[in-house]
Each structure stands twice: as structure tokens, then as C-alpha cells.
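Residues per chain are reported as follows:
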Amino acid sequence: MSEEIQKLKQLLSFPKEIAIITHRNPDGDAMGSSLGLGGYLHKLGHNIKVIFPSEYPLSYGYMKNVDKVIIFDLDHNVARKAIENADIIFCLDFNGLDRVDKLGENIQFSKAKKVLIDHHLDPEPFTDIEFSDTGASSTCELVFKVIDQLGDKAMIDPEIGECLFTGLVTDTGSFRYGTRPYTYVVAGELKMLGVDDYKLADKIFNSQKEKHLRLLGHCLANRMEIMKDYGVGIMWLTRKDYTDFDIQRGDTEGIVNYMLMMENIKVAAFVTEQPSIIKISLRSKGDISVQEIAGKYFNGGGHKNASGGGVYASLNDIIEKVKKVMPLYLPKLIT
Ligand code: 5GP
Ligand code: MN
């Protein structure tokens, strides 16, 4: 048993107040890891509060206990109290306190023991016990590993398993990237524990509303520009688009990936005009590190092939900046 697992086992040896928090704009992995771990710790007899900084995509509404999640944006005081009262705070699927907005301060100054479970590069040292593995497909994969190493694999029931399997599927684009052999071991184990992966895939991928497809059509037809010479695709959404298409949080998830379906496109950038900030999502194929680009030019970070950032500027400025920066990272293609 590793030293970190021993420390964690000790911490969990009698009932505690536990807060589990994940990053703003939670995705399938953030939600699945938080709710999966929460389900397991609840079974151990702990009192669990799961906190999301902002609202979640409704397509993940099938996860057990998602209706009990405290959303900081909607319930500042309840979320702060949950952090204040916690004996243990689990920080899942993020690597720095700036990813959880103002709650970062509450976490920083809390006396609780802090445990990180994460697969992002360069974790900041803000926790007491760290399970950081950048080779993992997903935080869900790591949560499975931690539960297994604690000797409790058998406590993973189909509902907890479904949460964890969600992160495996969504963070790997349905097992198309980011995997390692162990990822498939975990998928196999979860299936043996009763997860119905076909039904789950149906819940994850066939839950779109008409407006989602219309928005996708709008992006592809009217909001896409290709830098042919460099293999870069750029897409954007204006504030007016947000109103016209009734875009809610999570509604744009995944759209950036469509540009990578073109064979010569190596990098895709999706720029959106939020109420006070311009948000950028970057995706790449192969060796090009969008993490470096996000960090250097867009005040962000993430993974080598999937990163994001946010900048106070105009939408046009950021689109122009993307056009200036990309040629620095991509050789000009001979066309
Ligand atoms: P997305 O483009 O889906 O919002 O995010 C892709 C990846 O980039 C995620 O793994 C996320 O952790 C990271 N990311 C997104 N936005 C930010 C940001 O503003 N700052 C940092 N550091 N990482 C981000
Ligand atoms: Mn993740």
C-alpha cells in the first residue's frame, strides 16, 4: 500500500464531514468522478457534500445524487458553509485553485485535510495528499484506482460505476484518445461490476435537443473559418448567438471537436463571447501542445491536446490573436 493510500485510509477510518469539489463548467469526468467518489464515501458512512462552482450540462442529469449537488453560482452561502464545515476536502479533476473561482480562497484557508485526485499537468501544491497522474485517461480512472487500492472495489455498485464509466467515455472521446492499457482494465472491471455501457452511451450521446443540432448547424455553416495554409480551424459564437439559440451552459460542449474531423486540420479553436470574458477552447491532434498555447496567450491551460482559457478582450481581438499565434506553432502546409 502506498504512503498516500495509507494516509487516506487513516483519514477515512471514522465518519467525517466531507466536501467534494470539482472545476467550473464541470464536464462528464468532473461530474462522474465527484459523484462516483461521493457515492462510495457515503457508503463508508461519511457525510458528503458535492459542490460544483457553476451549473452542469443537463445531459448528465442521470447521475445518481446529481440533484443534491450544491452549485456555488446559485447558492454561495451553502457552498461556503460546506467547505467551512468540512474535515476533508476532495479536489477532483483540477490542478489549481483558480479553477474553482472564489471558492479557491475558502479552500486555501480551510483547516480541512485536502486530497487531490487529478490528471492535469503541473498540479499546484495546495493539497495534503496528492493522487496526480497525468498518464491517466480521466479523473474517474484514478478514483477507481484509489477505491481499489483502499481494498473496496466491491463497494462500487452499478450506479457509482456508471458515474465513473462516464468520465472514461467522455474524457477519451469514446476511447479514441488519452487511453492506456489500464483504462481498458478499469472499463472491464466496471462492466463486470454491472455497468451497462450500451445504455450509458445512449444516455450520454443521444440526449441532444433540437436546439443543439440547430446550433451545431449554425456553427458549421456560419461561424467557421479555416486557415488552410496552417491546418487550423476557428469557430466563434457572439453574445447575440447565445440569445438567438438560447445557449445555456454546456450546450456548446463538443462542438470544437467537429473541426478536427477534417483530415488536414491539426488545431481547432472555439472562441465564445461570455457575459464578461472571452472563453477559448483549443484542441489539437498529435504533437502540437495547445496547453502551451493556452498558457502563453490565453491565460489558461489543461492538457496537451485539449486546453482552454479566458481573456478579458473583444471577440474580434481574440479571433485575430488566434490567427497570429497559430502560425508560430504550425509549419506552413504546401498546398
Ligand atoms: P474546455 O475547452 O472543454 O473548456 O476545456 C478543455 C480543458 O482545458 C479542460 O481539461 C480544462 O481543464 C482546461 N481548461 C479550460 N478552461 C481553462 C482555463 O480557463 N484555465 C485553465 N487553466 N484550464 C482550462
Ligand atoms: Mn478530466
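Residues numbered from 1 in each chain as written. Chains lettered and ligands numbered in written order. Predicted model: local features only at pLDDT ≥ 70, side-chain atom pairs only at ≥ 80, totals over all residues. Heavy atoms only, no water.

Draft legend 1. Structural detail: the packing of helix α6 (residues 158–171) against helix α7 (residues 181–192). At a minimum axis separation of 10 Å, α6 and α7 run at an interaxial angle of 150°. Considering the angle they form, α6 stands roughly antiparallel to α7. Taken as a pair, α6 and α7 cross one another with a handedness that is left-handed. The residues of α7 that touch α6, namely those facing Gly161, Leu164, Phe165 and Leu168, are Thr183, Val186, Ala187 and Leu190. Split by residue class, the contact of α6 with α7 holds six nonpolar, two polar and no charged. (Axes fitted to C-alpha atoms, helices over the stretch in contact; angles between N-to-C directions. Helix = DSSP H or I, 4+ residues; strand = E, 2+ residues; numbered from the N terminus. Parallel < 35°, antiparallel > 145°, perpendicular 65-115°, else oblique. Left-handed = near helix turned anticlockwise from the far one by under 90°. Contact = heavy atoms within 4.5 Å. Nonpolar A, V, L, I, M, F, W, Y, C, P; charged D, E, K, R; others polar.)

Draft legend 2. Geometry of the site of ligand 1. For ligand 1, the set of nearby residues contains 14 residues, the closest of which are His120, Lys279, Ser281, Arg283 and Gly301. Contacts to ligand 1 include lysine 279, whose side-chain N or O atom sits 2.8 Å from a nitrogen atom. Burial of ligand 1 by the protein chains amounts to 77% of its free accessible area of 490 Å². Among the secondary structure elements, those contributing two or more residues to the shell around ligand 1 are β10 (278–284), β11 (301–302) and β12 (306–311). Among the elements that take part in the shell around ligand 1, β12 stands out by supplying five residues, more than any other. Grouping the constituent residues of the shell around ligand 1 by class yields one nonpolar, ten polar and three charged. (Near = heavy atom within 4 Å. Polar contact = N/O pair within 3.5 Å; in protein donor to acceptor, adjacent residues only side chain to side chain. Areas by Shrake-Rupley, 256 points an atom, 1.4 Å probe, with all protein chains shown as cover.)

Draft legend 3. Fine view of the side chain of glutamate 189. Its location among the elements puts glutamate 189 in helix α7. For glutamate 189, a relative accessible area of 18% corresponds to the buried category. If sequence neighbours within four positions are ignored, glutamate 189 has contacts with Phe144 and Lys153. (Buried < 20%, exposed > 50% of the residue type's maximum accessible area, 1.4 Å probe, protein only.)

Draft legend 4. Structural context of the environment of lysine 323. Note on placement: lysine 323 falls in helix α12 (residues 315–329). Taking the relative accessible area as the measure of exposure, lysine 323 reaches 23% and is therefore partly exposed. Put simply, lysine 323 and aspartate 118 are 205 residues apart on the chain and 32 Å apart in space, counted from C-alpha to C-alpha. Here lysine 323 is in contact with Glu225, Met227 and Ile234, once residues within four sequence places are set aside.

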